[in-house]
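Chain residues, written in single-letter form:
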Amino acid sequence: MRERVLLVDDDVMLLRSLGRSLDEEYDFELAESGAIALEKLEALGPFKVVVSDLKMPRMNGIELMKKIKEQYPQVVCIILTGNQDEDSIALAQNVAKADRLLHKPIPRAELSQAIGEAIKQFNASQFANA
């Protein structure tokens with residue numbers, strides 16, 4: 001059974017492209033906003049990994065990750081950002097408690113590797129808590 005991953009980005013074309021490029025490796029669910037992501041986590045979870053864009057309207061990636069970590073602390077959260085500024089990085093790590101921050105554009109192989117490492121992190125934490 002393939003591992004379940006939730007991809008979140010308001011750029012629908014990018015979201016679908018990411019999902020298609022990694023579809024053979026993981027079982028992806030796509031969400032076009034933070035609100036939809038939270039709905040899918042509740043209705044379709046559990047997900048081991050959530051990969052979210054940082055800048056989205058209404059609920060940005062930091063707000064989304066903060067809510068995910070409050071409700072589903074075991075989920076490994078990865079933020080994707082096109083921003084290189086230190087404030088975004090600090091917010092992602094300190095406020096959102098993101099497990100990892102990746103910069104766009106990201107090669108498919110690098111994203112795949114990051115998701116694979118996140119799944120290992122999730123599995124190790126579940127084993128440690130068992």
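Residues numbered from 1 in each chain as written. Predicted model: local features only at pLDDT ≥ 70, side-chain atom pairs only at ≥ 80, totals over all residues. Heavy atoms only, no water.

(A) Examining the overall build of the protein more closely. Secondary structure assignment for the protein yields 5 helices and 5 strands. Taken from the N to the C terminus, the helices and strands of the protein come in the order β-α-β-α-β-α-β-α-β-α. Seen along its three principal axes, the alpha-carbon backbone of the protein occupies a region of about 40 × 30 × 25 Å. Burial analysis of the protein (130 residues in total) assigns 45% to the buried set. Across the protein, every contact between residues at least 6 apart in sequence was considered, and the portion connecting residues at least 24 apart equals 58%. Carbon and sulfur atoms make up 50% of the accessible area of the protein, which totals about 7200 Å². Both charge centroids of the protein, one from 16 positive and one from 21 negative side chains, sit 2 Å from each other. (Helix = DSSP H or I, 4+ residues; strand = E, 2+ residues; numbered from the N terminus. Buried < 20%, exposed > 50% of the residue type's maximum accessible area, 1.4 Å probe, protein only. Contact = heavy atoms within 4.5 Å. Areas by Shrake-Rupley, 256 points an atom, 1.4 Å probe, with all protein chains shown as cover. Lys, Arg positive; Asp, Glu negative; His and termini not counted. Charge placed at Lys NZ, Arg CZ, Asp CG, Glu CD.)

(B) Spotlight on the packing of aromatic side chains. Applying the stated criterion across every chain, the model contains 1 aromatic pair. Both rings, one in Y26 and one in F28, keep their centres 5.9 Å apart while their planes meet at 75°; by these two values the pair is edge-to-face. The side chain of R4 reaches across the aromatic face of F47, ending 4.3 Å from its centre. (Phe/Tyr/Trp six-rings, centres within 6.5 Å; stacked < 30°, edge-to-face > 60°. Lys NZ or Arg CZ within 6 Å of the ring centre and 35° of its normal.)

(C) Summary view of the pairing of strand β4 (residues 76–81). Within β4, 6 of the 6 residues are buried, which leaves it mostly tucked inside the rest of the structure. Alternating positions in β4 separate into two faces, V76, I78 and L80 on one and C77, I79 and T81 on the other, with burial throughout. Relative to β4, strand β3 (residues 49–53) is paired through 5 bridges, and the arrangement is parallel. Looking at the pairing, V50 lines up with C77 of β4. Running through helix α3 (residues 61–71), the crossover from β3 to the neighbouring parallel element β4 is right-handed. Inspection of the sheet shows β4 paired to strand β5 (residues 100–103) by 4 bridges, in the parallel sense. (Pairing = 2+ DSSP bridges. Right-handed = clockwise from strand over helix to strand, strands pointing away.)

(D) Focus on the confidence of the model for the protein. The share of residues in the protein with pLDDT of 70 or more is 96%, and the mean pLDDT across the chain is 88. At the low end of the mean pLDDT range in the protein sits helix α4 (residues 86–95), at 72; at the high end sits helix α2 (residues 34–44), at 97. (pLDDT = per-residue confidence, 0-100.)

(E) The arrangement of the sheet that holds β4 in detail. As summarised here, the arrangement of the 5 strands in space is β2-β1-β3-β4-β5, forming an open sheet in which the pairing is parallel. With one partner strand each, in any of the chains shown, β2 (27–31) and β5 form the two edges of the open sheet. Within this sheet the neighbouring strands show an average axis-to-axis angle of 20°, counted without direction. On top of the sheet, α3 reaches β1 (4–8), β3 and β4; it is set at about 180° to β4, its chief contact. (Axes fitted to C-alpha atoms, helices over the stretch in contact; angles between N-to-C directions.)

(F) Structural detail: the side chain of K48. Mapping K48 onto the fold places it in the loop between α2 and β3. Of note is the side chain of K48, whose polar atom sits 2.7 Å from the side chain of E3. Excluding its chain neighbours within four sequence positions, the residues that come into contact with K48 are E3, R4, V75, V76, I119, F122 and N123. (Polar contact = N/O pair within 3.5 Å; in protein donor to acceptor, adjacent residues only side chain to side chain.)

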